[in-house]
There are 2 protein chains.
Amino acid sequence: MARSTAQRVAATLRDRIEGGGLPPGTQLSEEALGRDLGVSRNTLREAFRLLVHESLVVHRLNRGVFVRVLEPADVRDIYRMRGALETAGVRAAATAPHALHEAVRGAVTHAEQAASEGDWQEVGSADLRFHRALAALADSARVDAAMDRLMAELRLAFHEMPSPRRFHEPFVARNRSLAALLERGEYERAEAELTTYLDDALRLILDAMREAGR
Amino acid sequence: MARSTAQRVAATLRDRIEGGGLPPGTQLSEEALGRDLGVSRNTLREAFRLLVHESLVVHRLNRGVFVRVLEPADVRDIYRMRGALETAGVRAAATAPHALHEAVRGAVTHAEQAASEGDWQEVGSADLRFHRALAALADSARVDAAMDRLMAELRLAFHEMPSPRRFHEPFVARNRSLAALLERGEYERAEAELTTYLDDALRLILDAMREAGR
DNA sequence: GCTAAGATATTGTTCAACAATCCTCAATAG
DNA sequence: CTATTGAGGATTGTTGAACAATATCTTAGC
């Protein structure tokens, strides 16, 4: 796969951010980072633009770029958008291609398996995959892209979660039952369940953020 | 308002693209445009990144950037995404702040006035504002931003519409009746009407594109 | 007419310099 | 003591030129 230098730099920065090496709020100095990564300031700036597009960093004019800090208001907003996209997926479930339903099922069983092994980090990413698969039922590249950006932003919030287990465990079963509703064609109930599901998850995250001192 | 050079350059390019001065498919040469606009290649590239983010142009590695060409598949995809966002707005209408409902009403009457004056271009933008206002009922900055990007993309497709009047006229009345349903609190019916509305509009655009020879 | 090698043009990337802007912190006025 | 102002320093914004990498076009050979 042909990738430009800027794309490669953006990838390593993305890893550092999601890995916690660059915590939210950190300023990404052009000179220091450029020296560190061995690229010119101009190329680094191109990489910054890519990350801004993913909302992993924010750019303030004449101030530079900073790792995104998620406020409670942001998380609420993200969940509104999630609601829009995932609901769209559920409502399109009746006419969605078989492969997309397959992806939903796969994410559910993957999460269950990871849970039985106690790998809560893996449960977390399987959960994200499940929700991405839900939205993907809408069968739209733009919905998929928007959903991917939301998930990337959410990962920033997960960093502040104290116990991944306490957060993810209750949702494994709910994923299963939501998927079951879909397979049985009970779309109305699936939609209702999805709404309360997202409300509950949002509340958990906001509580965790409040405890973590903000 | 403080804007960087790149932002100003992006704005003029955006105007030229939406005004038809740079038709879809045109390559934006770095050297020629830079000379024309009096900015360096590096700054022009930053402007390009902004436009790529708005999907007004596409960037092909080692090939350059080109004004976006909308395929029928793109238009279909855009309408799926629109459906997701506007439906989300309608479903949140019950709890939306008063000011947001006001915006919906304002866009409807604005379109009606422009129609009575025969200014179909203006009817077109009022129509876009109406739909943006619908999505905005979701009361989410991210939904708003996504909707703005969609509208910008759609404007590219409108360029290929032969008769703005034939396309926009039938929808003025439908906008009014949809808004009326919302005010009466008949959200289910509003949602259903919105769905068929979008289907009809999509069909019209696809027909026009086919006629325009593609 | 087709393929392959070379020439040409364009983009990708780097570098160094200067301009514009923001932040810090001390000095000053009230 | 607080608030304001202003210089100084640090960082980003922008430029222009240069070279490397890649794609496209041209030409030679069959």
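Because the structure is predicted, anything quoted here is derived from the model rather than measured.

What follows is about the sheet that holds strand 1 (residues 27-28) of chain A. All names here are of chain A. Read across the open sheet, the three strands follow the order 1-3-2; overall the sheet is antiparallel. Lying at the two open borders of the sheet, with one neighbouring strand each, are strand 1 and strand 2 (57-60). Note that strand 1 and strand 3 (residues 64-67) share two bridges and pair antiparallel. By the bridge assignment for strand 3, glutamine 27 is matched with phenylalanine 66.

Per the stated rule, a full pass over the model turns up six aromatic pairs over all chains. A centroid spacing of 4.9 Å and a plane angle of 40° characterise the contact between Phe171(A) and Tyr197(A), whose relative ring orientation is tilted. Here Phe171(A) is found in helix 8 (residues 164-183), whereas its partner Tyr197(A) is found in helix 9 (residues 187-211), with 26 residues between them in sequence. Ring geometry for Phe167(B) versus Phe171(B): centroids 5.9 Å apart, planes at 65°, classification edge-to-face. Of this pair, Phe167(B) and Phe171(B) both sit in helix 8 (residues 164-183), four residues apart, roughly one helical turn. Given a relative accessible area of 6%, Phe167(B) falls into the buried group. Connected via pairs of aromatic rings, a cluster forms that spans Phe158(A), Phe167(A), Phe171(A) and Tyr197(A). One Lys or Arg, Arg60(B), reaches over the ring of Phe66(B) and ends 4.2 Å from the middle of that ring.

The next subject is the protein's contact with DNA strand D. Near DNA strand D you find 23 residues, and of these Arg41(A), Arg45(A), Thr5(B), Asn42(B) and Thr43(B) are the closest. Expressed as a percentage, the sugar and phosphate content of the atoms of DNA strand D within 4 Å of the protein is 72%. At 2.2 Å from a phosphate oxygen of DNA strand D is found a side-chain nitrogen or oxygen belonging to Arg45(A). Secondary-structure elements contributing two or more residues to the surface near DNA strand D are strand 1 and helix 3 (41-53) of chain A together with helix 1 (5-19) and helix 3 (41-53) of chain B. Split into classes, the residues belonging to the surface near DNA strand D amount to four nonpolar, 13 polar and six charged.

Another point: the side chain of Asn175(B). Residues and elements named next belong to chain B. With respect to the helices and strands, asparagine 175 occurs in helix 8. Asparagine 175 sits in the buried class, given a relative accessible area of 1%. Side chain to side chain, asparagine 175 and aspartate 127 meet in a polar contact 3.0 Å long. The residues touching asparagine 175, leaving out its near neighbours within four places in the chain, are Val108, Asp127, Phe130, His131 and Tyr197.

Our focus in this paragraph is the packing of helix 4 (residues 72-91) of chain A against helix 6 (residues 120-136) of chain A. Residues and elements named next belong to chain A. Running from N to C, helix 4 and helix 6 cross one another at 60°; their axes reach a closest spacing of 6 Å. Of the possible angle classes, the one that applies to helix 4 and helix 6 is oblique. For the pair helix 4 and helix 6, contact is made by Arg82, Leu85, Glu86, Gly89 and Val90 and by His131, Leu134 and Ala135, respectively. Considering only residue class, the contact of helix 4 with helix 6 consists of four nonpolar, two polar and two charged.

Residues and elements named next belong to chain A. Relative to the 20 Å expected for 14 residues at 1.5 Å per residue, helix 1 (residues 5-18) spans 20 Å between its end C-alpha atoms, a close match to the ideal helical length. Within helix 1 the residues assigned to the buried category are Ala6, Val9, Ala10, Ala11, Leu13 and Ile17. Of the surrounding secondary structure, the elements contacted by the buried residues of helix 1 are helix 2 (30-37), helix 3, strand 2, strand 3 and helix 7 (141-158).

In this complex, chain A contributes 32 residues to the contact, which on the side of chain B involves 32 residues. For the pairing of chain A and chain B, the buried interface totals around 2,500 Å² over both sides, and the portion due to carbon and sulfur atoms is 48%. Together, Glu46(A), Arg49(A) and Arg142(A) form the three largest contributors to the area buried by chain A at its contact with chain B, with a combined 27%. A salt bridge links Glu153(A) to Arg142(B); the nearest nitrogen and oxygen atoms lie 2.8 Å apart. Here chain A is connected to chain B by 16 residue pairs in polar contact (both at pLDDT 80 or more).

This part is about the pairing of strand 3 of chain A. All names here are of chain A. Bridge analysis of strand 2 against strand 3 gives four bridges, and the strand direction is antiparallel. When the bridges of strand 3 are listed, arginine 60 appears paired with glycine 64. Counted between consecutive antiparallel strands, the loop separating strand 2 from strand 3 contains three residues, among which asparagine 62 sits at a positive phi close to 65°.

A word on the relation of the copies chain A and chain B. You can overlay chain A on chain B at an RMSD of 0.1 Å; the transform is a turn of 180° with a shift of 0.1 Å along its axis. Such a combination of rotation and displacement between the chain copies is what one expects of a two-fold axis. Residues of chain A ranked by C-alpha distance from the rotation axis are headed by Ala84(A), positioned 2.9 Å from it. Mapped onto chain B, 100% of the interface residues of chain A are again interface residues, and the two copies thus contact each other with one and the same surface.

Thresholds applied
Residues numbered from 1 in each chain as written. Chains lettered and ligands numbered in written order. Predicted model: local features only at pLDDT ≥ 70, side-chain atom pairs only at ≥ 80, totals over all residues. Heavy atoms only, no water. Pairing = 2+ DSSP bridges. Helix = DSSP H or I, 4+ residues; strand = E, 2+ residues; numbered from the N terminus. Phe/Tyr/Trp six-rings, centres within 6.5 Å; stacked < 30°, edge-to-face > 60°. Buried < 20%, exposed > 50% of the residue type's maximum accessible area, 1.4 Å probe, protein only. Lys NZ or Arg CZ within 6 Å of the ring centre and 35° of its normal. Near = heavy atom within 4 Å. Polar contact = N/O pair within 3.5 Å; in protein donor to acceptor, adjacent residues only side chain to side chain. Nonpolar A, V, L, I, M, F, W, Y, C, P; charged D, E, K, R; others polar. Contact = heavy atoms within 4.5 Å. Axes fitted to C-alpha atoms, helices over the stretch in contact; angles between N-to-C directions. Parallel < 35°, antiparallel > 145°, perpendicular 65-115°, else oblique. Expected span 1.5 Å × (residues − 1). Buried area = accessible area lost by both parts, 1.4 Å probe. Salt bridge = Lys/Arg side-chain N within 4 Å of Asp/Glu carboxyl O. Least-squares fit on C-alpha atoms with pLDDT ≥ 70 in both.

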